[in-house]
Amino acid sequence: MAEHLGKSQTGSGHELKRVMGPGLLLLFIVGDILGTGIYALTGQVAAEVGGVVWLPFLVAFVVALLTAFSYLELVTKYPKAAGAALYTHKAFGVHFLTFLVAFAVMSSGITSASTASRAFAANFVATMGMADGGFLVTGVALAFIALVAIVNFRGVGESVMVNVVLTVVELSGLLLIIGIGFWAIWGGEGDVSRAFTFQPPEGGGMFWPVIAATTLAFFAMVGFEDSVNMAEECKEPSRIFPKVLLGGLVLTGLIYVLVSISAITLVPAAELGEGETPLLKVVQAGAPGFPIGIFGIITMFAVANSALINMMMASRLIYGMAKENVLPPMLGAVHPGRRTPYVAILFTTLIAVGLITFVGGVPALGGTTALLLLCVFTIVNIAVLVLRKDRVEHKHFCTPTVVPVLGAVTCAFLAGPWTGRDPVQYSIAGILLAVGVVLWFVTVRVMKGSAAPA
């Protein structure tokens, strides 16, 4: 794969069609960031810090913004669709490190989809008025991920118009929460003072509980890094990416802060932190006459979209690595009828099934996604500094040197165990990467064996 990434700079004579202007790129970025995180983890963040639930989302936004500046320099300097793996290979030229970064991104897609599956199941059970039970939620989540696999196998035609519709639906649910919250505030209902009340679960200072909550909230800010894979399909990417990516991040960050304030104004932190459907509770408290089923459907639609996008990304990454002989060739098999990577889809789906069954909880799965991407972001921030010596002919965005330095430090800090991160997240991430490393060594052994003289 590393060799392939290096050669891709010369091109094969074929280019993707450049169809995305600033407006469509903005919708893609906003739609990719919005979704499971804010819908599912608001309550867990509240459980860590109490009423100042908006603060960890704000801190997560600042950390994401620092890394976004690094991505902007790299995507405008190398407007190709390989993302973090390409930047890692160009900066360090170490095949195994490039593989680890690519596999970590793939693993983050599976943990993100598993998080979305749990969130979908919890909202489905609540919306249908079923008895809330762990086995039932797990069963629905497994059925949902199986349905995602079927859709993935059949093939999903990427369409800009579909992305617009999905983004509007996801956005509508969050704007509804903001509207309900501020209507209640205007009417003298709710308790705005709760938004400025810090209530850690075990007392003590404010710093570490906010950091612990930020490690969860960061999951809601990821997704912007996927936009670099659209570089080859954007019109004038070196010119439009900076304003559009930063604009999309600021817009989603503002929405998250307003949603958090609305939620805590209407529902106390302790109640908000119970269960996996925090925003459904906000609708019930602030607009009891609103058909709860409609909001439940909006939520399920939003997280379903997140799951499908992430499982498609994960299976295609596995397929790509197999085609480049970085993973066993069988993982690169394509179904003769559907023309989809069915073995890679089965492989990634089985991993998701294992995570849903044996890990289960949204905080553990979402936290693992954030952990994997924080490690990737640390490497990307360092890559910016290493690649400063590499000159290109066209003009590109250049971030101040202090920004990637701060980005690398903050991402590495948030990935550490001192943040109060649940140790199970390191176990999940370690097992996933270990699976990849084993597959990589098997592939190397097989390739060496096939190259040996008879």
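Scoring rules and cut-offs
Residues numbered from 1 in each chain as written. Predicted model: local features only at pLDDT ≥ 70, side-chain atom pairs only at ≥ 80, totals over all residues. Heavy atoms only, no water. Helix = DSSP H or I, 4+ residues; strand = E, 2+ residues; numbered from the N terminus. Buried < 20%, exposed > 50% of the residue type's maximum accessible area, 1.4 Å probe, protein only. Contact = heavy atoms within 4.5 Å. Areas by Shrake-Rupley, 256 points an atom, 1.4 Å probe, with all protein chains shown as cover. 1 Å grid on protein atoms, 1.4 Å probe; cavity = no way out; pocket = protein on both sides within 12 Å on 5 of 7 lines; lining within 4 Å. Points joined across faces, edges and corners; volume = space filled by probe spheres on them. Nonpolar A, V, L, I, M, F, W, Y, C, P; charged D, E, K, R; others polar. pLDDT = per-residue confidence, 0-100. Salt bridge = Lys/Arg side-chain N within 4 Å of Asp/Glu carboxyl O. Expected span 1.5 Å × (residues − 1). Disulfide = S-S within 2.5 Å. Polar contact = N/O pair within 3.5 Å; in protein donor to acceptor, adjacent residues only side chain to side chain. Axes fitted to C-alpha atoms, helices over the stretch in contact; angles between N-to-C directions. Parallel < 35°, antiparallel > 145°, perpendicular 65-115°, else oblique. Left-handed = near helix turned anticlockwise from the far one by under 90°.

**What about the overall build of the protein chain?**
When you go through the protein chain residue by residue, the secondary structure sums to 17 helices and 0 strands. Counting every position in the protein chain, which comprises 454 residues, the buried fraction comes to 54%. Summarising the internal contacts of the protein chain: among those between residues at least 6 apart in sequence, 82% fall at separations of at least 24. Carbon together with sulfur atoms contributes 69% to the accessible area of the protein chain, which is approximately 18,700 Å² in total.

**Things to note about empty space enclosed by the protein**
Any space left empty among the atoms is revealed by the rolling of a water-sized probe across them. Using the criterion set out here, one finds 1 cavity of 30 Å³ or more in the structure. As a volume, the largest cavity reaches approximately 270 Å³. Lining the largest cavity we find 26 residues, and of these Asp32, Ser112, Val222, Gly223 and Asn310 sit closest to its centre. Each residue belonging to the lining of the largest cavity can be placed in one class, and the counts come to 10 nonpolar, 12 polar and 4 charged.

**Some words on the confidence of the model for the protein chain**
Scored by pLDDT, the protein chain comes out at a mean of 82, with 88% of its residues at no less than 70. Within the protein chain, the element-level pLDDT minimum falls on helix H1 (residues 2-7), averaging 46, and the maximum on helix H16 (residues 402-414), averaging 96. The low-confidence segment residues 6-16 (pLDDT under 50) makes 8 contacts with residues lying over four places distant or belonging to another chain.

**As for the environment of Ala304**
Residue placement: Ala304 occurs in helix H13 (residues 292-323). The sequence separation of Ala304 and Ala113 amounts to 191 residues, and the corresponding C-alpha distance is 8.5 Å. Discounting residues that sit within four places of it in the chain, Ala304 has contacts with Phe120 and Phe144.

**A short note on the pattern of salt bridges**
All chains considered together, the criterion is met by 1 salt bridge. Of the charged contacts, one joins Glu73 and Arg388 as a salt bridge, the two residues approaching to 2.8 Å between their closest N and O atoms. Of this pair, Glu73 sits in helix H4 (residues 54-77) while Arg388 is found in the loop between helix H15 (362-386) and H16, placing the two residues 315 residues apart along the sequence. Using a relative accessible area of 21% as the deciding quantity, one classes Arg388 as partly exposed.

**What about H4?**
For the α-helix, the turn length of 3.6 residues means that residues three or four positions removed from each other point alike. Relative to the 34 Å expected for 24 residues at 1.5 Å per residue, H4 spans 34 Å between its end C-alpha atoms, a close match to the ideal helical length. Burial analysis of H4 places 19 of its 24 residues in the buried class, the great majority of the element.

**A word on the state of the cysteines**
All chains considered together, the criterion is met by 0 disulfides. Free of any disulfide, Cys411 has its nearest neighbouring cysteine sulfur in Cys375, separated by 9.3 Å.

**Quick word on the side chain of Thr419**
Considering the arrangement of structural elements, one finds Thr419 in the loop between H16 and helix H17 (423-451). Residue classification places Thr419 among the buried residues on the basis of a relative accessible area of 1%. Here the side chain of Thr419 touches Gly416 through a polar contact of 2.8 Å, landing on its backbone oxygen. Those residues within four positions of Thr419 in sequence are excluded, and the remaining contacts are Trp208, Ile211, Ala212, Thr215, Phe413 and Leu414.

**So, the packing of H4 against helix H9 (residues 207-217)**
Two elements in contact, H4 and H9, have axes whose closest approach is 8 Å; the angle formed by their N-to-C orientations is 65 degrees. Regarding the angle of H4 to H9, the classification is roughly perpendicular. Both H4 and H9 take part in a crossing whose hand is right-handed. In contact with Leu55, Pro56, Phe57, Val59 and Ala60 of H4, H9 contributes Val210, Ala213, Thr214 and Ala217. The residue inventory of the contact of H4 with H9, partitioned by class, reads 8 nonpolar, 1 polar and no charged.

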